[in-house]
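Residues per chain, in single letters:
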Amino acid sequence: MRPLDEAETTAVFEKLFKFTGNNLKNIVENPSHEGPDPNPGRYCFRLNKNKVYYVSDSLVKRATNIARVNLVSLGTCIGKFTHGGSFHLTVQCLSLVASNAKHKVWLKPTSEMSYLYGNHVLKGGLGRITENIMPGDGVVVFSMSDIPLGFGIAAKSTQDCRKLDPNGIVVLHQADIGEYLRMEDEL
């Protein structure tokens, strides 16, 4: 497990910024109250086998006793680097992204299951949407009871959604909590 280099850090922060905006500062400067130290530590990003983890400094220090080949996971896996070098967020980072989300979409109860099966968000299933969403922005998808269900990329702006027909795609699916069941061997 090693710290991210400059290019990797840039790729991770650009992807997180797409979903959190200026709230990325809250993720980076979040105090950690883990470990025996009375003073709060910090969280950091570490790379292990092409996966990026969000982990407290005190846990990283304690994990140095474990051989790198024996270390399976540490902290929260927020994403992975592909063989081509691009960075993809995984569903495990949903709680981190949802608490700091800039753009949000709420689904009607009738369309929640469709989204959890991996389908895109349609205009007919849209309950609410935040203002000032532009196409290409990162969006966190919530149920009407404010439970984070997943995240994706906005296909239409907020203004375009008002004029869209009910079968038009509003949010392109990227990850959802249904992946814990559909892809449990890979996670």
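Residues numbered from 1 in each chain as written. Predicted model: local features only at pLDDT ≥ 70, side-chain atom pairs only at ≥ 80, totals over all residues. Heavy atoms only, no water.

This part covers the overall build of the chain. Each helix and strand counted, the chain has seven helices and twelve strands in total. A compact globule built from 187 residues should have a C-alpha radius of gyration of about 16 Å, and the chain, at 18 Å, falls within 12% of that. Taking all 187 residues of the chain together, 42% fall into the buried category. For the chain, restricting intrachain contacts to residue pairs at least 6 apart in sequence, the fraction spanning at least 24 positions comes to 56%. When the accessible surface of the chain is totalled, it reaches about 10,300 Å², and 52% of it is carbon and sulfur. In the chain, 21 positive and 19 negative side-chain charges are present, and the distance between their average locations comes to 2 Å. (Helix = DSSP H or I, 4+ residues; strand = E, 2+ residues; numbered from the N terminus. Rg over C-alpha atoms; globule rule 2.2 N^0.38 Å. Buried < 20%, exposed > 50% of the residue type's maximum accessible area, 1.4 Å probe, protein only. Contact = heavy atoms within 4.5 Å. Areas by Shrake-Rupley, 256 points an atom, 1.4 Å probe, with all protein chains shown as cover. Lys, Arg positive; Asp, Glu negative; His and termini not counted. Charge placed at Lys NZ, Arg CZ, Asp CG, Glu CD.)

Next up on the list: the pattern of salt bridges. In total, this model carries three salt bridges according to the counting rule given. Between Glu131 and Arg162 there is a salt bridge, and its shortest N-O distance comes to 2.9 Å. Of the two residues, Glu131 is situated in the loop between β9 (126-129) and β10 (138-143) and Arg162 in helix α6 (residues 158-163); the sequence distance between them amounts to 31 residues. A relative accessible area of 44% means that Glu131 is categorised as partly exposed. What makes Arg162 exposed here is its relative accessible area of 52%. (Salt bridge = Lys/Arg side-chain N within 4 Å of Asp/Glu carboxyl O.)

The next point concerns unusual backbone geometry. Despite not being glycine, Asn50 has its phi angle at roughly 65 degrees, a positive value. Position of Asn50 relative to the elements: it lies in the loop between β3 (41-48) and β4 (51-56). The exposure class of Asn50 is partly exposed, given its relative accessible area of 39%. Although it is not a glycine, Asn132 adopts a positive phi angle of roughly 65 degrees.

The next subject is the domain arrangement of the chain. Assigned domains of the chain: these are domain 1 (2-96) and domain 2 (103-183). Computed from C-alpha atoms alone, the centre-to-centre distance between domain 1 and domain 2 is 26 Å. Each partner contributes residues to the interface: domain 1 has eight residues there, and domain 2 has 18 residues. When the buried surface of domain 1 facing domain 2 is broken down by residue, Phe19, Val91 and Leu94 rank first, second and third, together holding 70% of it. (Domains from an automatic or database assignment. Buried area = accessible area lost by both parts, 1.4 Å probe.)

What follows is about the pairing of β4. Within β4, five of the six residues are buried, leaving the element largely enclosed by the surrounding structure. Across six bridges, the pairing between β3 and β4 is antiparallel. In the strand pairing of β4, Arg46 is matched with Tyr53. A loop of two residues connects β3 with β4, the two strands running antiparallel in sequence, and Lys49 in this loop sits at a positive phi of about 55 degrees. (Pairing = 2+ DSSP bridges.)

It is worth spelling out a nonpolar patch on the surface at this point. Taken together, the side chains of Leu122, Ile169 and Leu172 present a nonpolar region at the surface, about 200 Å² in accessible area. Mapped onto the secondary structure, Leu172 falls in strand β12 (residues 169-176). (Patch = residues over 30% accessible without salt bridge, like charges linked within 9 Å, V, L, I, M, F, W, Y side chains within 5 Å.)

This paragraph deals with the side chain of Thr20. Inspection of the secondary structure puts Thr20 in helix α1 (residues 6-20). Residue class for Thr20 comes out buried when judged on its relative accessible area of 0%. Engagement of the side chain of Thr20 in a polar contact is seen with the backbone oxygen of Leu16, the distance being 2.8 Å. (Polar contact = N/O pair within 3.5 Å; in protein donor to acceptor, adjacent residues only side chain to side chain.)

Per the UniProt record, "domain: PUA" (unreviewed entry) is found at residues 103-178. Secondary structure across residues 103-178 comprises 14% helix and 41% strand; the distance between its end C-alpha atoms is 21 Å. (UniProt positions renumbered as here; feature names shortened; annotations may be inferred.)

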